[in-house]
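What the coordinates show
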Amino acid sequence: MKKLYILSLVLSFTFGFAQTNLKKADALFKNYSYLDASKAYEECLQNIENPSAQTIKNAADSYYFISDARNALKWYKRLYEIQGNNLTDIYYLRYIQTMKAVMDYDDADKITKEYLNKKGDQKEINRYVAQKKQLDSIAKAKSLYQIKNLDINTGKSDFGATFYQDRIVFTSARDTTNFGEKLYNWNNQPFLNLYVAERNPADGSLFNENLFMPNVMTKYHEATASFDASGKTIYYSSNIIKKNKLVIDRDKINNFQILKGTMVDGKVENPQKVFFDNDDYSVGHPCLSDDGQWLFFASDMPGGYGETDLYVVKIADDGTMSSPQNLGPKINTLGNDLFPFFRNGILYFSSDGHYGLGDLDVYESKFLSDGSFSTPRNLGTPVNSNKDDFTFIIDKTGTYGYLSSNRAGGKGDDDIYSFIKGEPVCNQNISGKALDRKSKLPITDVTVVAYNSYNEILAETKTNFEGKYAVTVPCNKTVRLVAKKTNYSDDEKTVETTKENEGEIIDVNFELSNYDDLVVKKKGVEKVDVNPIYFDYDKYDITPLAIEELSKVVFIMRKFPNIRIKIESHTDSRGKDAYNLKLSDNRAKSTRDYIVSQGIDTSRIESAIGYGETRLINKCKNGVKCTEEEHLLNRRSDFIIIQK
């Protein structure tokens, strides 16, 4: 049913061909009889040694449009071998999608990169990288969704569930009408009709289905409906018909239109075309916003970005509609973007142009305050598969809904699946840099660990070459972040996360000190690098100037918790020897007491001893005339590191 998704539904004729030569195969293809055309091409190509590129395209497309990816890939690969980089954008896309459909993901990524490099569009490359990263990330997390195939499905195509009051309206090709002899020659299935079913709230199952609007039903396609909140207004897709006959354009295509009607006693009254319907292109798959002010739809009208784009019109209180607005390149791609559903400020839609698991995938995009949409996010498995996944709807509470898929294991061409959605895990991202405290340059390979209030690890990472890091942590928590690197001091920050899911907390930066910047080494001895500690004459009280230098000792001992020191205080030679010895010892012990008062355990200070003038480091002993600067060199306190 792939081409149904693309909207261009075509006039159905029945051809009887006795031969399966190339001319007949081309005729079937031109008439959109893809099921029969695929068989015809397969047979005649066995006898053609060097088929033309167009013949190979037709053979591949015949299979592609009936969702036979394995056989389509065979011919797209042959086309690629012939044309290589000369493949057009759309054939690159189809080649890549068929590879994904058979789960050849590595080959698909290789060809995708080749295609993007050929295009040279950095925005497209960035989008590919970001969407691949997001999909890889979601694949590692537990999905919020649980899906189930419904008993109501048949061997034909069933899809497009939508909410209608407390019931569900859906689209089906099940042959319960009087038009069983009228087949849609694209895939030899009956034409589509809308059905209504009861919903079992306990398990989401559907039952007691009936034709939804037999009073206005045609013998062609009616599909994909949407209702306003009251259930009194309906928009739905239908073949363009005049005087009970299909209207075809110059390419023999019968396009889709959107009809608007009023629901009265369960019947549709006075269905009318919307003003932007056009015989020359399709508009369809309508979705009305909850407040009735916006109508989203898909169309292949001229001026779009790809095969099928998403559009929106604003609806005034009196029913007047604005001109259709394309949702832009953030949403629309060169492929097919369609089946919109808007709920609680989020646009859900299907696309085969964004990076996904294969064929159509379901994406979500938030409506932003500036009127734009956020970058689409793939919903991942089990919502999406390597096949077509589409017509995703979800209830107002965000807990249950329906989607359609032609994935393996279904009952028919397309099946309807119910799903329940669990509570999303609320996370936030914390990011920042690790810098060298002295040089202010970034530090690479710093380990950043996030802890909760119970000292349990929430996340762990390392800084990159720019010193940058990012961790994901739970919302509404107190998070302690610790940055560590060998031979550097630790740094720690506490952050309060908010309740905003996927919120960003930036510029949580760390400053780490290199151990070598905090010590001096001489003759194999390491000492804390401090300036001379000054005391008032004949005093050993800690002065403000002394505190400034002692804070360096406290800092290194806090940042390197394994360090142990011993304190040695010295005087110059002036004054009596015994007095100097006692004065220096008092100064050593007062510095020790200050360090301990700052929270440093006493066990980390092995000793605090004054040596008076017994360990002069220059000539300035008793009786030698020296300058004040020379005496200053002897009047020192050393904080010698004995363990680190």
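Below is a summary of the structure that appears in this document.

Analysis parameters
Residues numbered from 1 in each chain as written. Predicted model: local features only at pLDDT ≥ 70, side-chain atom pairs only at ≥ 80, totals over all residues. Heavy atoms only, no water. Axes fitted to C-alpha atoms, helices over the stretch in contact; angles between N-to-C directions. Helix = DSSP H or I, 4+ residues; strand = E, 2+ residues; numbered from the N terminus. Parallel < 35°, antiparallel > 145°, perpendicular 65-115°, else oblique. Left-handed = near helix turned anticlockwise from the far one by under 90°. Contact = heavy atoms within 4.5 Å. Nonpolar A, V, L, I, M, F, W, Y, C, P; charged D, E, K, R; others polar. Buried < 20%, exposed > 50% of the residue type's maximum accessible area, 1.4 Å probe, protein only. Polar contact = N/O pair within 3.5 Å; in protein donor to acceptor, adjacent residues only side chain to side chain. Pairing = 2+ DSSP bridges. Expected span 1.5 Å × (residues − 1). Bend = angle between axes of the 7 residues up to and from the residue. Core = buried A, V, L, I, M, F, W, Y, C linked by side-chain atoms within 4.5 Å. Phe/Tyr/Trp six-rings, centres within 6.5 Å; stacked < 30°, edge-to-face > 60°. Lys NZ or Arg CZ within 6 Å of the ring centre and 35° of its normal. Disulfide = S-S within 2.5 Å.

**Observations concerning the packing of helix 2 (residues 22-30) against helix 3 (residues 34-44)**
- Between helix 2 and helix 3, whose axes approach to 8 Å, the crossing angle comes to 160°. Viewed along their axes, helix 2 and helix 3 adopt a mutual orientation that is roughly antiparallel. Between helix 2 and helix 3 lies a crossing whose hand is left-handed. Between helix 2, through Leu 22, Ala 25, Asp 26, Leu 28 and Phe 29, and helix 3, the contact on the second element is made entirely by Tyr 34, Asp 36, Ala 37, Ala 40, Tyr 41 and Cys 44.
- Residue classes in the contact of helix 2 with helix 3 are distributed as 9 nonpolar, no polar and 2 charged.

**Some thoughts on the side chain of Ser 299**
- Looking at where Ser 299 falls in the secondary structure, it is placed in strand 15 (residues 294-299).
- On the accessibility criterion, Ser 299 (1% relative accessible area) is buried.
- Within polar-contact distance, the side chain of Ser 299 engages the backbone oxygen of Ser 282 at 2.6 Å.

**Focus on the sheet that holds strand 21 (residues 377-378)**
- In space, the 4 strands of this open sheet follow the order 18-19-20-21, with antiparallel pairing throughout. Among the strands making up the open sheet, the edge pair consists of strand 18 (337-343) and strand 21.
- The pairing of strand 19 (residues 346-351) with strand 20 (residues 361-366) spans 6 bridges and is antiparallel. Across the sheet, residue Tyr 348 finds its bridge partner in strand 20, namely Glu 364.

**Some thoughts on helix 10 (residues 544-559)**
- Taking 1.5 Å of rise per residue, 16 residues should cover 22 Å, and helix 10 covers 22 Å from first to last C-alpha, within 8% of that figure.
- At Leu 550, helix 10 shows its largest bend, some 25°.
- When we look at burial in helix 10, the residues that qualify are Ala 546, Glu 549, Leu 550, Val 553, Val 554, Phe 555, Ile 556 and Met 557.

**Overview of the nonpolar core**
- Ranked by internal contacts, the top residues of the largest apolar core, which has 45 residues, are Phe 296, Leu 327, Leu 347, Phe 392 and Tyr 402.
- Judged by nonpolar contacts, the second largest core, of 43 residues, contains Tyr 32, Tyr 76, Tyr 91 and Tyr 95.

**Focus on the packing of helix 6 (residues 89-101) against helix 7 (residues 105-119)**
- It is the contact of helix 6 with helix 7, at a shortest axis distance of 8 Å, that shows an interaxial angle of 165°. Between helix 6 and helix 7, the angle is such that the two are roughly antiparallel. Considering only the axes of helix 6 and helix 7, their crossing is left-handed. Across the interface between the two elements, Asp 89, Tyr 92, Tyr 95, Ile 96, Met 99 and Lys 100 from helix 6 touch Tyr 105, Asp 107, Ala 108, Ile 111, Thr 112, Glu 114, Tyr 115, Lys 118 and Lys 119 from helix 7.
- Across the contact of helix 6 with helix 7, the residue classes break down as 8 nonpolar, 1 polar and 6 charged.

**So, the packing of aromatic side chains**
- Here the structure, examined in full by the defined rule, presents 29 aromatic pairs.
- When the ring of Tyr 64 is compared with that of Phe 65, the centres are 5.6 Å apart and the planes differ by 65°; the resulting orientation is edge-to-face.
- An aromatic cluster of at least three residues, connected via ring pairs, comprises Phe 29, Tyr 34, Tyr 41, Tyr 64, Phe 65, Tyr 76 and Tyr 91.
- Over the face of the ring belonging to Tyr 91 we find Arg 94, whose NZ or CZ atom lies 5.3 Å from the ring centre.
- If you follow Lys 100 out to its NZ or CZ, it ends over the ring of Tyr 355, 4.0 Å from the centre.

**What to know about the state of the cysteines**
- Taken as a whole and assessed by the stated rule, the structure comprises 2 disulfides.
- Shown here is the disulfide that connects Cys 426 with Cys 475, its sulfur atoms set 2.0 Å apart. Between Cys 426 and Cys 475 the sulfur-sulfur dihedral comes to about -80°; the bridge is accordingly left-handed. Of this pair, Cys 426 sits in the loop between strand 24 (415-421) and strand 25 (427-436) while Cys 475 sits in the loop between strand 28 (468-474) and strand 29 (478-484); the two residues are 49 residues apart in sequence, bridging distant segments of the chain.
- Judged by relative accessible area, Cys 426 falls into the partly exposed class, the value being 24%.
- The buried category is assigned to Cys 475, whose relative accessible area is 8%.
- Across the disulfide, Cys 620 is cross-linked to Cys 626 (sulfur-sulfur distance 2.1 Å).

**Thoughts on the pairing of strand 3 (residues 167-172)**
- Taking burial as the measure, the 6 residues of strand 3 include 5 buried ones, the bulk of the element.
- As paired elements, strand 2 (residues 158-164) and strand 3 share 5 bridges and run antiparallel to each other. The residue bridging Tyr 164 from the neighbouring strand is Arg 167, located in strand 3.
- Where strand 2 folds back on strand 3, the antiparallel hairpin that results is connected by 2 residues, among which Gln 165 adopts a positive phi of roughly 55°.
- In the sheet, strand 3 pairs with strand 6 (residues 193-199) via 6 bridges, with the strands oriented antiparallel.

**So, helix 6**
- With 13 residues, helix 6 should reach 18 Å at 1.5 Å per residue; the first-to-last C-alpha distance of 18 Å fits that figure.
- With 12 of its 13 residues buried, helix 6 lies for the most part within the structure.
- Within helix 6 the residues assigned to the buried category are Ile 90, Tyr 91, Tyr 92, Leu 93, Arg 94, Tyr 95, Ile 96, Gln 97, Thr 98, Met 99, Lys 100 and Ala 101.
- Where helix 6 terminates, the next one or two residues include Met 103, which has phi positive at roughly 70°.

In short, geometric facts, not functional conclusions.
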